[in-house]
Every structure is written in C-alpha cells, then in structure tokens.
Amino acid sequence: MAAEKHGEAQSAVMDENKEKKPEEGLGLEILQIIKDSQQQHGLRHGDYQRYRGYCSRRLRRLRKTLGFKMGNRHKFTGKKVTVEMLSDSRYLLLVLMEAERAWSYAMQLKQEANTEPRKRFHLLSRLRKAAKHGEELERLCESPRVDAKTKLEAQAYTSYLTGMLWFELQEWKAAMEAFNKCKTIYEKLASAFTEEQAVLYHQRVEEISPNIRYCAYNIGDQNAINDLMQMRLSAGGGGGMIAEKLEALITQTRAKQAATMSEVEWRGRTVPVKIDKVRIFLLGLADNEAAIAQAANEDTKERLYETLLSECRDSIQAVREEIKADSKQRERAMDMDTGKVSNLQYLHSYLTYLKLWTVVKRNESMAQALHAKLKEPQPDENKRGPRPQDLIRLYDIILQSLAELSVLQGLEEDHSFQKEVALKTLVYKAYRCFFIAQSYVLVKKWSEALVLYERVLKYAREVQSQSRNLKNSLKDLPDVQELISEVNAEKYSLQAAAILDTEDVCETPLQSQVKDGKPLCERLETFSIDASLVGKQPNLVQFPPEFQPIPCKPLFFDLALNHVAFPPLDDKVEQKGKGGLTGYIKGIFGFGS
C-alpha cells in the first residue's frame, strides 16, 4: 500500500509538471493525464475499482493542497469551482478527477451488470454525473485564462463522455454526433503537433471509430457492418463498451441468415441442422477462417482462434443437450436398419472434428512462430528465449487431438478418413521428433540426437510414400521436404560438433585422464577426469573398508590372591549339616525354629 501511494505521489508530480505556468495561460494536458493515470492505476488489467480508488485519493490530496475543503468531519458543505478561482490549473485537474471517478465507477458497474441487471440503473446515473462534470470542465475552460489547446481537449473530453452516455441509452443519432465531434477535435489536434505528440490523439480516434460505425449501423447504414467486421480483426476488437455489442451484432446478423440454412454436408453425408446455435456457428465458420488467414499478427490470430474454439464448444454442448433430451437417441445410438449413426450423433462428430482440427491449426501456428524465433539470434542473453522443449509440448497436444480424431463415432469404417489422420499423425510425429533431437543437441548428447534425426527421416519418407494416393491431404500440412533438408543440414553440423567436442577432450593432458583405481577420497589433492563419478556407481570411497590394527583390551591379574589366608569356615559347615532328616521335617511344618 505504501508503494502504491508513493507511485501516486510521483504521478501527481508528473501531472503538475505537465501544467503550464500561470503567466503563460492555464493549461492542462487532459488526454495525456487521464491515459497515464489509467495505465498506471488498474486499467491496464481492466481493474476499474482500483482506478476509482486512485481518483478518490487524488481528489482528497488536491482539495487539501488547494484548501478547497468540502466542510468538515461533522458536516458536508458542497462547493463548486468557479471561473474566479482559476488562479491554478489544479482547479481544472480537480474537476477532471471528479469526472474520471464517476466514469470509472460506471465502467465497474457495467462489468457487474452482466450478472446483476439492476446495477444498470446505477450505471446510467454515474455516466450522467461524469458527463455533467465534463460539461463543468468545458465551461471553466471557456475562461480567457485558459489556453486554446486545453479548451479543445476539454470539448473533446466532454463530447466523449456525452457520447458514452447516449450510446448506453441507445440514442444512436445523438451518440454518433457526440463521437464525431470528439473525433474531429482530436484529428485537428493531431495535425497541429509533431508525430510523437500526435500518437495519443490517433489512438483515441481509433478507439471511438468502432462506436461511430456501430451507431451508423443502428441508424440504418447497412454497409457499416462490413467496416465493423474489419474492425473486429484489430488487436483490441473495438474494446470497452463496443466489444460486447459488436459480438452481439455479428451473432444477430448470422441469426437472420441462419433461417435459410437447413442442412450441412460432410464426407458424403448430408445432415439436417435444426439447432439455431449450430446454424449460426456454421454460417460464421468461413468468415472466422478468413479472418484468421488475414490476421496481421500472432496476437490477433491467437485471439480469433480462441473465439472460434469458444463458439465451437458452445455448439457441441447444444448438440449434447439435444441428444440427451431425445429418449430414442439414448436408447439406441445406431440405426438398426442402415447400421449408421444417427444424424445428431454425426453432427456431433462433425463439430468435434472442427474443434479438434482448429486446435491442431492453432498449435501449429504457435509452433511456426516459435520456430522462427528459435532461428533468430537472441539480443539479450539474460532474457529467456524460446527453447525446443516449448515446441515439443505443442506437438504433443497436436498428436493428442489427432488421436481423438481417429476414434470419432461414425467414422470408424471411413478408411480414407483414417488414412488421412494417420498421414497427418506421421507428419507431426516427424516434427516432434525433430525438436526432441534439437533439445538433445543443446545438452551435447550427440548419439541420441543422431538417432532421433534418423527417426525423423524415417517418418518423412513414410509420409512421402503414403502421400502418393492422398496428395490433397498434404495441402494443409507442413512440407516434409523442407524438414528433410533441414535434418540433413543439422546432421552434418551435429557430426562436426561431435568431432570437435571429442578433439577438445583428447587435447587434455594424459596425466589428468589416468585412472589408477583409487577412490575419490584418496586423490582429493590431484585432478583427474573420471567419467564414473557421474555414473550410477561412482568410485567415491573403498567399500568394504580394509582392516586396521587397534589396541586390544588389557588383561588384569590378581597377584595378591595367592598370598591371602582365608579364615576357617568349619563351624559354619558343621552347623548347617546337624539337623539331618528330622530337622528338615521340622522346618517344613514350622515348629523346628
């Protein structure tokens, strides 16, 4: 907590340094301040509650510094910043933080409103308050004491908050006008400054562009849907309030098209599709695949793969529920007349195939990106870069998915499908084996790596021999001919490295390699190379140990005993034997003593 407050104090000093001196006109870099504050205090991870707490603490510090107290601990006295008070730009910052606090609270409530719909009313109230504070900031900036740049930023900021309010109220025309005004101001500001200063304004314009196109679509511009689909390919997908609405819009558009879709054909069999969620998914499948192919970077491609997999899982779950609900499907999964699986079960197999093959393509894409980074030299040696072990895990997942493909229900008798899966398995086995060999090369296990390279070539030759009849199956797979060329090159490099490594060992002085059979404990003072020390039976000590002479226990002789005269004991012996049998009987009965 202390570290967080220290960071807040530093950011407060930085914000004050961004304000201009009073004699030059009051100024406040509104967009720069709010962006820095948001990134440093929670919004990098979407934590609006943390950012709201920061705004509250910042307001308290500003009021204390400016002497702008709102009453005391016993009574609240509301006060407003007036134009006459504008002797310091921190008064403008005070109003800006109030607007940010209300806005962040609204965004927090929007996240919680997904599970608690009643919080939507509180959300609208907070957005209205944020827009009201924005209008107050704009009114204060109309003073001649404030410079022109701050006036324009205040107008753009107020238009943004107003647009967010109308957007949430679904007043599309008013929201579009507010967002367009905000966009126009930021574009003018970007053109008036250097490229480094204009980057922030361009980012804000990119953020609000999806909102503008969404408003245009709801007003009646049908062409806007194409622009929204392209914006969906951007890294953020729109972000903020537009993200959920954009996904809902795409789903709604596909639902209208799904009304005309009644069946799907896969591997020579036509299956009716009666579940709306499955129809929507199958209609958007081609668009999703095209979007993945056009993705600008790996992060965008990974996000689109995750979206596609999520939709596929939902469709599979819908089919499973339909199968459970149908009692006839539970009683008999096979049609006794034809011997084929039911239509619902075959549809389930098709969707499962799509999911598993998407997992294969996603992991293959990640593996290709890692392989490219693996070939590049690492600029920072201290920073951990990609390793062959990372790719091995990806190919393990691919092989597991292919194993599940081979046991899909309804495709057991489809020999061509089974051959295709077996061929794909061989291809990915070859690549997995190649990266296992690479990992052995890193630890200088030359013989193991060489054996694995030979195994890679074996798999690749099998693929080439089996692909003569299945050429179409290789169009979506990595090229094994490139792998063969790379393996041959790696084999030569491996053999050269192994020879050089052997020569290094041979150059060691012979006396250091002499092994005289002595255990390690007896030759600690001399250096020698002994490979057995790292084996399973290291020669550390001699066992069992040799016998050593030790002093025996001394013997003591009592020499005085021969010269000692003992007293006579005749009287005691005679007394003991006096009684005879009579004394013995008396002793038994107790009257002899």
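My aim in this report is to walk through the structure given alongside it, one point at a time. (Residues numbered from 1 in each chain as written. Predicted model: local features only at pLDDT ≥ 70, side-chain atom pairs only at ≥ 80, totals over all residues. Heavy atoms only, no water.)

**Points about the overall build of the protein**
For clarity, the threshold we go by: Strands are runs of DSSP state E lasting at least 2 residues, helices are runs of H or I lasting at least 4, and numbering of each runs from the N terminus. Relative accessibility under 20% of the residue-type maximum defines a buried residue, over 50% an exposed one, and the middle range a partly exposed one, all with a 1.4 Å probe and only protein chains included. Residue contacts are defined here by distance: any two heavy atoms, one from each residue, within 4.5 Å place the two residues in contact. Each accessible area is a Shrake-Rupley result for a 1.4 Å probe, and residues are judged covered by the shown protein chains and nothing else.
What the protein contains, in helices and strands, is 20 helices and 2 strands. For the protein, the residues scored as buried account for 40% of the 593 residues in total. In the protein, 65% of the contacts between residues at least 6 apart in sequence involve partners at least 24 apart. For the protein, the accessible surface area stands at approximately 36300 Å², while carbon and sulfur atoms represent 52% of it.

**Points about helix H4 (residues 90-112)**
Convention followed: Under the convention used throughout, the expected extent of a helix is 1.5 Å for every residue step, that is, one less than its residue count.
The terminal C-alpha atoms of H4, which comprises 23 residues, lie 33 Å apart, in line with the 33 Å expected from a rise of 1.5 Å per residue. In terms of residue burial, H4 counts as a mostly covered element, since 19 of its 23 residues are buried.

**Focus on the packing of aromatic side chains**
Keep this limit in mind: Any two rings among Phe, Tyr and Trp, with Trp reduced to its six-membered ring, count as a pair given centres within 6.5 Å; such a pair is stacked if its planes are under 30 degrees apart, edge-to-face if over 60, and tilted if neither.
Under the counting rule described, the total for this entry stands at 20 aromatic pairs. Here Tyr-51 and Tyr-54 contribute two aromatic rings whose centre-to-centre distance is 6.2 Å and whose plane-to-plane angle is 25°, an arrangement assigned as stacked. With Tyr-51 and Tyr-54 both in helix H3 (residues 48-66) and 3 residues apart, this pair spans about one turn of that helix. Just as Tyr-51 is buried, Tyr-54 falls in that class too. Each residue in the set Tyr-395, Tyr-428, Tyr-431, Phe-434, Phe-435 and Tyr-453 is aromatic and connected to the rest through ring pairs, giving one cluster.

**Quick look at the pattern of salt bridges**
Applied cut-off: We count a salt bridge whenever a side-chain nitrogen from Lys or Arg sits within 4 Å of a carboxyl oxygen from Asp or Glu.
Inspection of the entire model under this criterion finds 14 salt bridges. Arg-267 serves as the salt-bridge partner of Asp-414, at 2.8 Å between the closest nitrogen and oxygen. With a gap of 147 residues between them, Asp-414 in the loop between helix H15 (388-405) and helix H16 (415-442) and Arg-267 in the loop between strand E1 (263-266) and strand E2 (269-272) connect regions that are remote in the sequence. A relative accessible area of 19% means that Asp-414 is categorised as buried. One connected set of salt bridges, linked through shared partners, spans Lys-35, Arg-204 and Glu-207.

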